[in-house]
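So the chains spell out like this:
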Amino acid sequence: MIELYYWPTPNGHKITMFLEEAGLAYEIKPVNIGKGEQFAPAFLKISPNNRMPAIVDTDPLGGGEPLSVFESGAILQYLAEKTGKFSPKDVRERYVVTEWLFWQVGGLGPMLGQNHHFNRYAPEKIPYAIDRYVNETRRLYGVLDKRLEGRAYIAGKDYTIADMAAYPWIVPYEAQGMTLADFPNLKMWFEQIRDRDATKRAYALADTIKGKTDLATDEEARKHMFGQGALKK
Ligand SMILES: N[C@@H](CCC(=O)N[C@@H](CS)C(=O)NCC(=O)O)C(=O)O
């Protein structure tokens, strides 16, 4: 059984998309990041960076004690290895998936996260910051659009964890100031993934999680999310 420490955000959706695709049994452990639950000592033992998602596999690859994994890219790689699904066996092909997975966790996610922050959540509108991250978002969309030229999915003809990592970050494209019609290959890719049954199930599940706060207006949530310093020893 996979215990999934989760909140309905882009990084959370990546993992429910995989679990729904693979048909693995899992149990959601909500981590309400607007209420500060990411700082609970028991959660920090699993995820020392106070971020979700994280998993605990009670029946882990290799056997033995339950195994915990934090960082969405590492979780996707673990689940792909465990199930033998959504990552190619061939070394060269697998490293293409790894490249784009790292591109997502190191670039697409953080940059679009800053776009969300300065466009939607920052108390003052700072044109320099907004322009910087909207421009970077546009550049990254362009990179992905080019990669998808003549390819159904990021790694080629098969749907992989690289696609699952990138898709949830494109879902809020309007709020990021993007128009999908400007990126025709990306648009086709986006619509194909959106229409998969597993994607629909993952997003339907997200809607059942109660207590989601609006970071633009909820003062308590803003304090937890945007007022962080070093963790106490
Ligand atoms: N690099 C991490 C990022 C995870 C992340 O930023 N999660 C956010 C929600 S999308 C979170 O847990 N935020 C809680 C906080 O900021 O304290 C990953 O890919 O798993």
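Calculation notes
- Residues numbered from 1 in each chain as written.
- Predicted model: local features only at pLDDT ≥ 70, side-chain atom pairs only at ≥ 80, totals over all residues.
- Heavy atoms only, no water.
- Helix = DSSP H or I, 4+ residues; strand = E, 2+ residues; numbered from the N terminus.
- Rg over C-alpha atoms; globule rule 2.2 N^0.38 Å.
- Areas by Shrake-Rupley, 256 points an atom, 1.4 Å probe, with all protein chains shown as cover.
- Domains from an automatic or database assignment.
- Contact = heavy atoms within 4.5 Å.
- Buried area = accessible area lost by both parts, 1.4 Å probe.
- Salt bridge = Lys/Arg side-chain N within 4 Å of Asp/Glu carboxyl O.
- Polar contact = N/O pair within 3.5 Å; in protein donor to acceptor, adjacent residues only side chain to side chain.
- Nonpolar A, V, L, I, M, F, W, Y, C, P; charged D, E, K, R; others polar.
- Pairing = 2+ DSSP bridges.
- Axes fitted to C-alpha atoms, helices over the stretch in contact; angles between N-to-C directions.
- Near = heavy atom within 4 Å.
- Buried < 20%, exposed > 50% of the residue type's maximum accessible area, 1.4 Å probe, protein only.

**Details of the overall build of the protein**
Secondary structure summary: the protein contains nine helices and four strands in total. Across the protein, helices and strands are ordered from the amino to the carboxyl terminus as β-α-β-α-β-β-α-α-α-α-α-α-α. In terms of C-alpha radius of gyration, the protein reaches 18 Å, essentially the compact-globule figure of 17 Å for 233 residues. Overall, the C-alpha framework of the protein stretches about 50 × 45 × 30 Å when taken along its three principal axes. Taken as a whole, the protein presents about 12,000 Å² of accessible surface, with 53% of it coming from carbon and sulfur.

**As for the domain arrangement of the protein**
Domain assignment breaks the protein into domain 1 (2-85 + 201-226) and domain 2 (91-195). When each unit is reduced to the centre of its C-alpha atoms, the spacing between domain 1 and domain 2 is 21 Å. If you look at the interface, domain 1 gives 17 residues, while domain 2 gives 19 residues. Taken together, both faces of the contact between domain 1 and domain 2 bury some 1,400 Å²; the carbon and sulfur share is 74%. If you sort the residues of domain 1 by the area they bury against domain 2, Pro-10, Lys-14 and Met-17 come out on top, with a joint share of 31%. For the pair domain 1 and domain 2, the interface holds zero salt bridges. Across the contact surface, domain 1 and domain 2 share three residue pairs in polar contact (both at pLDDT 80 or more). Of all the elements in the fold, those that place two or more residues in the side of domain 1 that touches domain 2 are helix H1 (10-22), helix H3 (72-83) and helix H9 (219-226). Among the elements that take part in the side of domain 1 that touches domain 2, H1 stands out by supplying seven residues, more than any other. By residue class, the composition of the side of domain 1 that touches domain 2 is nine nonpolar, five polar and three charged.

**Regarding the sheet that holds strand E3 (residues 54-57)**
Overall, mixed pairing links the four strands, which are arranged E2-E1-E3-E4 in an open sheet. For this open sheet the edge positions go to strand E2 (26-30) and strand E4 (67-70), each flanked by a neighbour on one side alone. Direction aside, the axes of adjacent strands within the sheet are offset by 20° on average. Pairing analysis gives four bridges linking strand E1 (residues 2-6) to E3, with the strands arranged antiparallel. By the bridge assignment for E3, Tyr-5 is matched with Ala-54. Relative to the sheet, H1 contacts E1, E2 and E3, its axis offset from that of E1 by approximately 155°. The sheet strands contacting H3 are E1, E3 and E4, and the helix crosses E4 at an angle near 135°.

**Examining the site of the ligand**
The ligand sits among 13 residues. The nearest are Gln-38, Met-52, Glu-71, Ser-72 and Gln-228. In this structure, an oxygen atom belonging to the ligand sits 3.3 Å away from a side-chain N or O atom of Asn-50. Glu-71 is positioned such that a nitrogen or oxygen atom in its side chain is 2.8 Å from a nitrogen atom of the ligand. For the ligand, whose unbound accessible area comes to 510 Å², protein coverage reaches 84%. Each residue belonging to the shell around the ligand can be placed in one class, and the counts come to four nonpolar, six polar and three charged.

**Here's the deal with the pattern of salt bridges**
Tallied over the entire structure, the rule returns ten salt bridges. Between Lys-35 and Glu-220 there is a salt bridge; the shortest N-O distance is 3.4 Å. Residue Lys-35 is found in the loop between E2 and helix H2 (41-46), and its partner Glu-220 is found in helix H9; the two are separated by 185 residues along the sequence. For Lys-35, a relative accessible area of 41% puts it in the partly exposed group. The class of Glu-220 is partly exposed, set by a relative accessible area of 33%. We note a salt bridge from Asp-57 to Lys-82, for which the minimum N-O separation is 2.8 Å. In this pair, Asp-57 is assigned in strand E3 and Lys-82 in helix H3, connecting sequence segments 25 residues apart.

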